[in-house]
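Observations on the three-dimensional arrangement
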Amino acid sequence: MDKLNDSVVSEFVLLGLSGSSEMRVFLTLIFCLLYLGTILGNLCILFLVIFDSHLHSPMYFLLANLSLIDVGFSSTTIPKMISDLLSEYKVISFRGCMAQICFIHIIGGVEMVLLIAMAFDRYMAICKPLHYLKIMSPKICVSFVITAWVTGVIHAMSQFIFIAHLPFCGPNKIDSFYCDFPRIIKLACTDGYKYEFIVAANSGFMTMGTFFLLILSYVFILVTVWKHSSGDLSKAFVTLSAHITVVVLYFTPCMFLYVWHFSTSSLDKYLFIVDFAITPVLNPAIYTLRNKDMKIAMKRLSKRGYYTQFC
Ligand SMILES: *[C@@H]1O[C@H](CO)[C@@H](O)[C@H](O)[C@H]1NC(C)=O
């Protein structure tokens, strides 16, 4: 931690999203609504899964974990972004910036492993129904969740230990609404090539690997459904295409940023709005609205009067 104090730069200036003041007020409103939607939608899922014993199954436990993570992921950047939209003085302290990077990568890492676990769960349920209950035991589910957290922490720390020691001496303007490795490395007064490589190898590998595993699992599921059913393919296809859309939306910005290019353009900051503000609000929608159990659980709760109170 002493090393942090040696840096001359004590805070970073976030250039954030630019625009006229009317535009910024409009964006503030939109992001407030999206953030509110993220919190309410995901807490609703969490609440349903915890309090409805019919939903005490591996799939829903993983879903509740994902909801919690979605709220966390959105919270790493969106509240700060909203407050910056309305203020002229958009700074983040050095430690705040480093903490933000850590949280984004820990939570992002957990989210990716959880998405893989959920894809595996669906794959087992649809392609290996006879072994499903034996394989997706509560013990396996807990170990998925533990693995997700361990992976997230290792993923974030294994990059952070290199970046925390970079010297910062001059420029401190970040052309984005949050801190992340690529932009921080660009600001360091040292040759960043080695560090860019570390981040590309780690975050890039993680995003690419997760993306292809997820797409592969969807292909397997589609092929299985196609082989075993005569007419019901369209319903499965609609559900799966919703999932695939969200996965593509979520992973495109990550791959754009970490795999292809350490871009100096500001396109990636607009792309990442999708990750932080839009997919966390889409997840509860796609996992619940087309799901019969969830709808029944909501009805059951609404009969008891809880639903109207909390959701
Ligand atoms: C997350 O998953 C674990 C393991 O299945 C479960 O025990 C736990 O209750 C879940 N957490 C939430 C918030 O639902």
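The paragraphs below set out a description of the structure included in this document. (Residues numbered from 1 in each chain as written. Predicted model: local features only at pLDDT ≥ 70, side-chain atom pairs only at ≥ 80, totals over all residues. Heavy atoms only, no water.)

Some thoughts on the overall build of the protein
What counts, and what does not: Numbering of helices and strands runs from the N terminus, with a helix taken as a DSSP run of H or I at least four residues long and a strand as a DSSP run of E at least two residues long. We compute the radius of gyration from the C-alpha atoms alone; for a globule the expected value is 2.2 Å times N to the 0.38, where N is the number of residues. Burial status follows relative accessibility: with a 1.4 Å probe on protein chains alone, a residue under 20% of its type maximum counts as buried, one over 50% as exposed, and anything between as partly exposed. In this description, contact between two residues means that some pair of their heavy atoms is separated by no more than 4.5 Å. For the area figures, the Shrake-Rupley method with a 1.4 Å probe applies, and any residue is considered shielded solely by the protein chains shown. For the charge count, each Lys or Arg is scored as positive and each Asp or Glu as negative, with His and the chain ends excluded. Working definition for charges: the position is that of NZ of Lys, CZ of Arg, CG of Asp or CD of Glu.
If you tally the helices and strands in the protein, you get 12 helices and 3 strands. For 311 residues, the compact-globule estimate of 2.2 N^0.38 gives 19 Å, and the protein sits close to it at 21 Å. Oriented by its inertia axes, the alpha-carbon framework of the protein measures out at about 65 × 40 × 35 Å. Taken across its 311 residues, the protein has 48% of its residues classed as buried. Expressed as a percentage of contacts within the protein between residues at least 6 apart in sequence, the contacts between residues at least 24 apart total 80%. Accessible area for the protein stands at about 15,400 Å²; split by element, carbon and sulfur atoms hold 71% of it. Across the protein, the centroid of the 23 positively charged side chains sits 11 Å from that of the 18 negatively charged ones.

Some points on the sheet that holds strand β3 (residues 173–174)
The line we're drawing: One bridge is not enough; two strands pair if DSSP finds at least two bridges between them.
Reading across from one edge, β2-β1-β3 is the order of the 3 strands in this open sheet, with mixed pairing throughout. On the outer flanks of this sheet lie β2 (91–93) and β3, each paired with one strand and no other. Two strands pair when backbone bridges link them, and strand β1 (residues 11–14) and β3 are joined in this way by 2 bridges, in the parallel orientation. Opposite Val-13, over in β3, you have Lys-173 as the bridge partner.

Remarks on the side chain of Lys-269
Filter applied, for reference: Here a polar contact means two N or O atoms within 3.5 Å. Within protein one must be a hydrogen donor candidate and the other an acceptor candidate, and residues neighboring in sequence count only if both atoms are side-chain atoms.
Relative to the elements of secondary structure, Lys-269 occurs in helix α10 (residues 267–288). A polar contact of 2.8 Å, which involves the side chain of Lys-269, links it to the side chain of Asp-175. Excluding residues within four positions of it along the chain, Lys-269 makes contact with Gly-16, Leu-17, Asp-175, Ser-176, Phe-177 and Arg-183.

Digging into the state of the cysteines
Put simply, the rule reads: We call a pair of cysteine sulfur atoms a disulfide whenever their separation is within 2.5 Å.
In this structure the tally under the stated criterion is 2 disulfides. What pairs with Cys-97 in a disulfide is Cys-179, and their sulfur atoms sit 2.1 Å apart. Disulfide Cys-97 to Cys-179: torsion about the S-S bond roughly -120 degrees, handedness left-handed. Linking Cys-97 in helix α4 (residues 94–127) with Cys-179 in the loop between β3 and α7 (181–187), this pair joins segments that are 82 residues apart in sequence.

Distances and angles like these do not, on their own, reveal function.
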